[in-house]
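# Summary of structural features
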Amino acid sequence: MIRVTIWNEFRHEKTEPVKSVYPEGMHRAIAAGISADDLDITCVALDDPEQGLPEEILENTDVLLWWGHWAHRELSDELVNRIRQRVLAGMGLIVLHSGHDSKVFKSVLGTSCSLRWRQVGEKERLWVTAPAHPIARNVPRTFALPHEEMYGEPFDIPDDAKIIFMSWFQGGDVFRSGVTFQRGNGKIFYFAPGHETFPTYYDKNILTVIGNAVRWAAPVMIEPKQCIQCQPAENFTKEP
Ligand code: ZN
């Protein structure tokens, strides 16, 4: 079983028009959409105790999903650091949509993660650029979302981004909308679609991508990264 925690800011959904699209919250829509026998899913929110991630939840998470927007700055730096250490140790991290501007994503990657954006509800067409990658399994080589927020280049992410999806928008912009990284033992996937006023997290292809990403990001091992003083592996006589 992969222990999945879906963290959602869960503020937009308390008012219209988002409430009508995601009455139970985006985290629960995603959980329902990717639900499967091999996934043990927990949904948490910013306003839960300890901002949704007390030690016992974080330490029992194999893959963490992250959706935030308005309240990035409210997240405690102490929690951001604990999440970062857990990623370096091996926890998978999947950052969704406006999570690109979260403290968590920026601290793990070390760049501004800034981009260009426009919210007019234009069409987005995604293209698979790495069809043999596990995250693209059973995903059509191209598919469209009728309405999405435009996220465009330049996207200030590190140069080692492996591009899995590219997006084209009706307004002419393009964007690296699905990218992977590895930091320490942890695998990271950023996936751009998911503006709160559109039903993106009910889209079959989007849910397939997220489900694939969870399985891809599941840890091979979780071991804290730290400096270790060590004994030699072979016996030898120390020179005088
Ligand atoms: Zn948005």
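All residue numbers refer to positions counted from 1 along the written sequence of the respective chain. In keeping with the model being predicted, local features are shown solely for residues with a pLDDT of at least 70 and side-chain atom pairs are shown and tallied solely at 80 or more, while totals for entire chains, interfaces and linings include all residues. Based on all heavy atoms of the structure, the side-chain values leave hydrogens and waters out of the count.

### As for the overall build of the protein
Our working rule: In DSSP terms, a helix is any run of H or I states spanning at least four residues, a strand is any run of E spanning at least two, and both are numbered starting from the N terminus. Each radius of gyration is computed over the set of C-alpha atoms, and the globule rule expresses the reference value as 2.2 Å times the number of residues to the power 0.38. Only protein chains enter the accessibility calculation, which uses a 1.4 Å probe; a residue whose area is less than 20% of its type maximum is buried, one above 50% is exposed, and one in between is partly exposed. By definition, residues are in contact when any of their heavy atoms lie within 4.5 Å. In these tables, accessible area is a Shrake-Rupley quantity obtained with a 1.4 Å probe, and a residue counts as shielded only by the protein chains included in the view. As used throughout, the charge tally considers Lys and Arg to be positive and Asp and Glu to be negative, leaving His and the chain termini uncounted. To locate a charge, take atom NZ for lysine, CZ for arginine, CG for aspartate or CD for glutamate.
Of regular secondary structure, the protein possesses six helices and nine strands. The C-alpha atoms of the protein give 19 Å as radius of gyration, which agrees with the globular expectation for 240 residues (18 Å, within 12%). Projected onto its principal axes, the C-alpha positions of the protein cover 75 × 40 × 35 Å. In the protein, buried positions account for 53% of the 240 residues. Considering only contacts within the protein whose residues lie at least 6 apart along the sequence, 73% involve residues at least 24 apart. Of the roughly 11600 Å² that the protein leaves accessible, carbon and sulfur atoms contribute 52%. Side chains of the protein give 25 positive and 32 negative charges; the mean places of these two sets differ by 4 Å.

### Quick word on the state of the cysteines
Here a disulfide denotes a covalent bond joining the sulfur atom of one cysteine to the sulfur atom of another. Put simply, the rule is: We call a pair of cysteine sulfur atoms a disulfide when they lie within 2.5 Å.
Summed over all chains, the structure comprises zero disulfides. Cysteine 230 takes part in no disulfide bond, and the closest cysteine sulfur to it belongs to cysteine 227, at a distance of 11 Å.

### Some thoughts on the packing of helix H2 (residues 26-34) against helix H6 (residues 204-217)
Relative orientation and spacing of two packed helices are given, respectively, by the angle between their axes and the distance between those axes. Put simply, the rule reads: A fitted line through C-alpha atoms represents every axis, and for helices the fit uses only the stretch in contact; the resulting angles, taken between N-to-C directions, go from 0 to 180 degrees. Geometric relationships in this document are graded by angle, where less than 35 degrees denotes roughly parallel, more than 145 denotes roughly antiparallel, 65 to 115 denotes roughly perpendicular, and other angles denote oblique. Gly counts as polar in this scheme, as do all residues outside two lists: the nonpolar Ala, Val, Leu, Ile, Met, Phe, Trp, Tyr, Cys and Pro, and the charged Asp, Glu, Lys and Arg.
Packing of H2 against H6 leaves a shortest axis separation of 9 Å and a crossing angle of 80°. Classed by the angle they form, the pair H2 and H6 counts as roughly perpendicular. In contact with Ile30, Gly33 and Ile34 of H2, H6 contributes Leu207, Ile210, Gly211, Val214 and Arg215. Residue composition of the contact of H2 with H6, grouped by class: five nonpolar, two polar and one charged.

### Regarding H6
The condition that has to hold: In this analysis, the expected span of each helix is defined as 1.5 Å times one less than the number of residues it contains. For the purposes of these results, a polar contact is taken to be a pair of N or O atoms within 3.5 Å, where, inside protein, one atom must be able to donate a hydrogen and its partner to accept one; residues adjacent in sequence count only when each atom of the pair is a side-chain atom.
Taking 1.5 Å of rise per residue, the 14 residues of H6 would be expected to cover 20 Å, and the 20 Å separating its terminal C-alpha atoms lies within 8% of that figure. Taken across its 14 residues, H6 has 11 buried, putting it largely inside the fold. Among the residues of H6, those classed as buried are Asn205, Ile206, Leu207, Val209, Ile210, Gly211, Asn212, Ala213, Val214, Trp216 and Ala217. For H6, the capping residue at the N-terminal end is aspartate 203, with a side-chain oxygen 2.9 Å from the backbone nitrogen of asparagine 205.

### Looking at the layout of surface pockets
Note the threshold: Only protein atoms enter the 1 Å grid used here, on which a cavity is any set of points holding a 1.4 Å probe that cannot leave and a pocket is any open set flanked by protein within 12 Å on both sides along at least five of seven lines; residues with an atom within 4 Å of a point are listed as lining. Grid points are joined across faces, edges and corners, and a volume is the space filled by probe spheres set on the points.
In this structure, the largest pocket encloses a volume near 170 Å³. Lining the largest pocket we find His69, His72, His97, Ser98, His100, Asp101, Leu115, Trp117, Glu149, Tyr151, His195 and Glu196. Residue composition of the lining of the largest pocket, by class: three nonpolar, six polar and three charged.

### Thoughts on the side chain of asparagine 205
Its location among the elements puts asparagine 205 in helix H6. The residues touching asparagine 205, leaving out its near neighbours within four places in the chain, are Pro140 and Phe143.

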